[in-house]
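Chain residues, written in single-letter form:
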Amino acid sequence: KKSGIGIGGQCSGTMRFCASLLVAPAAYTPLSWDEAYPQAAKLVAQMTMEEKYGMMSGIGWTNYVLNKWWYVGNLPAVERLGIPSVNMQDAAGGFRTYWDEIIGTVTCWPSLLSMAATWDVDTMHEFSVALGQEFAGKGANTILGPSINVHRVARNGRNFEYLSGEDPFLGGKLAEQYVAGVQSQGVMTVMKHFVFNNQETNRGSEDSVVEDQTAWELYYPPFQAAVDAGVSGTMCSYNQEDGDYSCSNNRRLNEDLKGKMGFRGFVQSDWGATHATSVTSGLDMDMPMVNDPLFQPAALSKVPKKAIDEAVTRTLAAMVRMGVMNSTKCTPPACNDYFVKDVRGNHAAVALQAAKEGVVLLQNEGGVLPIGAGVGSIAVIGSAAAAKAYDPADGVWDQGDYYSGGGSGHVTASDPVSPLAGLKARAKTAGVKVVESATDDIDAAQEAAAQADIAIVVAGTTSGESQDRLNLVLDNNADQLIAGVATAAKKTVVLTMIPGAVVMPWRARVDAIATLFLGGQETGTAFASVLFGDHGPTGRLPVMLPETEADTIDPSSDAQVMYSEGMKTSYRNPKFKAAFPFGHGLAYTNFSFSAPAAASCAKGVCVTTTITNTGAAPGVAVPQAYVEFPKEANHPAPLLKGFKKTKVLQPGASEKVTFELGDRELSYWDKDWVKAGSAVVHVGASSKDFRGKVTVTTAEVVVV
């Protein structure tokens, strides 16, 4: 057999490898599409029409209720041909704890937005391998991820799920690692939500109208990156695009995705997103939650046989390519043993490292952090400091908490480390006294703050699928709590646990601010590690934190949502004011950048700069490259086209960083990709902190 994936216990069937829970299975190497397609075509040639139809419509639901011990998405097996069931599970950021029996058997990871805040391809890959291991160990052969929509609306309820943050280049680089990492464990990946699904308001009906340059330069690139990385499937979204529903949109699915992008896998609907028997428009598979006739035999029999064969071939090619023909462990509903299996292994350590890498230090006036030897006491304030996990299995399905957002992407943490617990544990080892006020009572908070050398206020907000956030304000009147503490405290530090952008009107009144974008089960330990200096802050903002809500785009209640701003979102909009800009993040030291230089290299143009730690503490820098295109590109601002994360640099140490800029990085869209004749490459620490620039041309390099 060509492949087999296991994580603990016994593995059914004949497999080449099956590892114990604490030992990672050998990496699976997917076949090429050219190798997989002929094998898939041979299988299709042997299938009856009924068997083909069965591979085009999901099963396992009864009137919007998922049957027990079925995966969220299921295709039936064709046993006589050795075709296993397709076992698809939510969600992109962790194995969904759909039933209480699953809680405590899987890891509650940092959100994908928190992973974006790492700006770290190595951390992303390690996380993705572990994620793939958990899904494989649970008997799922398909993960419904990555979620890679570029943020447009700051209040979008699902922003915590989206790996791209507000930038297509960042999202693309991380999506590559996600696809490679998860699929190295023999699990098919499904990128979503394609496309222009940038708000939850009226998501089932709104019509997104997006012009071509904005589509190809801002919203398509993460999907293109996933395609290039070999993603297995694509999930079309609930909304309409240019008057056609996403899952019936010939232009977006056939012309753009399968045509220009070169996607060779299968297209499936989001659950209940199918509005027609749209096989010829590019939909290969319907995922209904009710008895939906649109992809049943009576309807499919009217579709040309060639289109049916192509759809089924795409699905089977992905399965063959990923080895799931031989590695699939069970067929629902006989999967209960896998659903209850503990597949966490040593993943708490992976989750902790990822959470630490994603903590963003926004502000540190007077070097109040890290907490050093001169600090004898801290006060930990706010109800969010002792936040509990929320279990939606017996409550509101789309409710999130401060560790994991709500909806299909929610993972209930069995025993999350709260900020209070994490800080208390670390303070104990340092001999630092902790004064607790885990409420939102301002009088009690001020009393606690007055007793400590540093007051740490913990605040948060969350969000969930199906509805957008009402505003960008922290929960429980936290703004007033923080302002009140700042008047009584010697030093004030604010920690925020957030699903996306928030406003911080109190930032000038406090000394330090650190944030996590829903950091998962290890949140408290991660915060404590950074605050006490065990892990110097390494995170950078994947979104702009606006000065006011007016510096963002609101969700629209209009039937047609016109993306009239074009590419002028986030840092690309010169009128938006940032409290903290995209790409920003501090370390406990400072860095200098040498004047950038450019030269021809194998990829095209390489821009180099040397980063030097000019401070007194070790630290990690994240230099970024932004390309300013010529006027004919019609760009509103320089665009992120490169980033690197340095090693830990000791005081005085340096590292040379190289940004490789190929044709795509130096091209813009004008009816097709056009390579710029020249461009200015800005190198700096954020989208608003450029330290040097160099002009590059196709003929020569001129240093400015």
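Data block above holds the structure.
Below is a summary of the structure that appears in this document. In this text the structure is predicted, and so the values were computed from the model without any measurement. In this numbering scheme, every chain counts its residues from 1 along its sequence in written order. Local features in this predicted model are restricted to residues of pLDDT 70 or higher, and side-chain atom pairs are both shown and tallied only at a pLDDT of 80 or more, whereas totals for entire chains, interfaces and linings draw on every residue. Neither water nor hydrogens contribute to the side-chain values; these are computed over all heavy atoms in the structure.

A separate point is the side chain of Thr-589. Strands are runs of DSSP state E lasting at least two residues, helices are runs of H or I lasting at least four, and both sets are numbered from the N terminus onward. Along the chain, Thr-589 turns up in the loop between β20 (578–580) and β21 (591–593). By the criterion applied in these results, polar contacts are pairs of N or O atoms within 3.5 Å in which, for protein atoms, one can donate a hydrogen and the other can accept it, and in which residues neighboring in sequence qualify only through two side-chain atoms. Separated by 3.3 Å, the side chain of Thr-589 and the backbone oxygen of Ala-617 make a polar contact.

The next subject is the sheet that holds strand β14 (residues 433–437). Strand pairing is assigned whenever DSSP identifies at least 2 bridges connecting the two strands. Pairing is mixed across the open sheet formed by six strands, whose spatial order is β12-β17-β16-β15-β13-β14. Two strands bound the open sheet, and with one partner strand each, they are β12 (360–364) and β14. On average, each strand axis in the sheet is inclined to that of its neighbour by 20°, with strand direction left out of account. Pairing of strand β16 (residues 492–497) with strand β17 (residues 512–516) involves five bridges; the strand directions are parallel. Within β17, the position partnered with Leu-495 by the bridge is Ala-514. In this description, contact between two residues means that some pair of their heavy atoms is separated by no more than 4.5 Å. Note on geometry: axes are lines fitted to C-alpha atoms, helical ones only across the stretch in contact, with angles between N-to-C directions running from 0 to 180 degrees. Packing of helix α17 (residues 523–531) onto the sheet brings it into contact with β15 (454–460), β16 and β17, and relative to β16 it is tilted by some 145°.

What follows deals with the environment of Gly-259. Secondary-structure assignment places Gly-259 in helix α8 (residues 250–260). Sequence separation between Gly-259 and Val-680 is 421 residues; the distance between their C-alpha atoms is 32 Å.

Right, let's get into the pairing of β14. Relative to β14, strand β13 (residues 377–381) is paired through five bridges, and the arrangement is parallel. Counted as the bridge partner of Ile-378 is Val-434 from β14. When the strands point away from the viewer, a crossover counts as right-handed if the route from the first strand across the helix to the second turns clockwise. You can see the chain leave β13, run along helix α14 (residues 419–430) and come back into β14, and the turn it takes is right-handed.

With that settled, the discussion passes to helix α1 (residues 33–46). Taking 1.5 Å per residue as the helical rise, α1 with its 14 residues ought to reach 20 Å, and the 20 Å between its terminal C-alpha atoms agrees with that figure. Three exposure classes are used, based on accessible area relative to the maximum for each residue type with a 1.4 Å probe and protein chains only: buried under 20%, partly exposed in between, and exposed over 50%. Residues of α1 that are buried: Trp-33, Ala-36, Tyr-37, Ala-40, Leu-43 and Val-44. Down the axis of α1, the smallest arc covering the buried residues is 125°, so these residues share one side. Among the exposed residues of α1, those pointing more than 90 degrees away from its buried face are Asp-34, Lys-42 and Ala-45. Helix span is expected to be 1.5 Å times the residue number reduced by one. The directions considered for the arc run from the helix axis to the C-beta atoms.

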